[in-house]
Amino acid sequence: MKKIVLIFILLVSCTSSSSSEMTTVPIKELTYQNLDGEFVNENLTNKNTIIIFWADY
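The following paragraphs examine the structure supplied in this document. For clarity, every value in this text was computed on a predicted model and none was experimentally measured. (Residues numbered from 1 in each chain as written. Predicted model: local features only at pLDDT ≥ 70, side-chain atom pairs only at ≥ 80, totals over all residues. Heavy atoms only, no water.)

A few points about the overall build of the protein chain
Link 1 in the chain: Tallying secondary structure elements over the protein chain gives 1 helix and 2 strands in all.
Link 2 in the chain: Listing the helices and strands of the protein chain from first to last along the sequence gives α-β-β.
Link 3 in the chain: Here the protein chain holds 57 residues, and 4% of them are scored as buried.
Link 4 in the chain: In the form shown here, the protein chain has an accessible surface area of approximately 6300 Å², with 61% of it arising from carbon and sulfur atoms. (Helix = DSSP H or I, 4+ residues; strand = E, 2+ residues; numbered from the N terminus. Buried < 20%, exposed > 50% of the residue type's maximum accessible area, 1.4 Å probe, protein only. Areas by Shrake-Rupley, 256 points an atom, 1.4 Å probe, with all protein chains shown as cover.)

Quick word on the pairing of strand β1 (residues 29-33)
The two faces of a sheet get side chains in turn, since along a regular strand they alternate between them.
Link 1 in the chain: In the sheet, β1 pairs with strand β2 (residues 39-43) via 5 bridges, with the strands oriented antiparallel. Bridging from a neighbouring strand, glutamate 29 pairs with asparagine 43 of β2.
Link 2 in the chain: Where β1 folds back onto β2 in an antiparallel hairpin, the turn is made up of 5 residues, including glycine 37, whose phi is positive at roughly 90°. (Pairing = 2+ DSSP bridges.)

Concerning a nonpolar patch on the surface
Link 1 in the chain: On the surface, Met1, Val5, Phe8, Ile9 and Val12 cluster together into a nonpolar patch covering about 560 Å² of accessible area.
Link 2 in the chain: Mapping valine 5 onto the fold places it in helix α1 (residues 2-14).
Link 3 in the chain: For valine 5, a relative accessible area of 40% puts it in the partly exposed group. (Patch = residues over 30% accessible without salt bridge, like charges linked within 9 Å, V, L, I, M, F, W, Y side chains within 5 Å. Salt bridge = Lys/Arg side-chain N within 4 Å of Asp/Glu carboxyl O.)

With respect to α1
Link 1 in the chain: Spanning 13 residues, α1 covers 18 Å between terminal C-alpha atoms, matching the ideal 18 Å at 1.5 Å per step.
Link 2 in the chain: A small share of α1 lies buried, amounting to 0 of its 13 residues. (Expected span 1.5 Å × (residues − 1).)

Dropping the structure here:
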């Protein structure tokens, strides 16, 4: 009986549900600080963009 309960718990925990879909909201504006210390707003609505964040400590 204990084996059946353990198998049931394992099966329930391993099954995936369709309600866990991830939705993302596209970023339409990017704000960053350039090397001169000025804050710049960049409009990304009509650009194909890959954004890479780099931090060097």
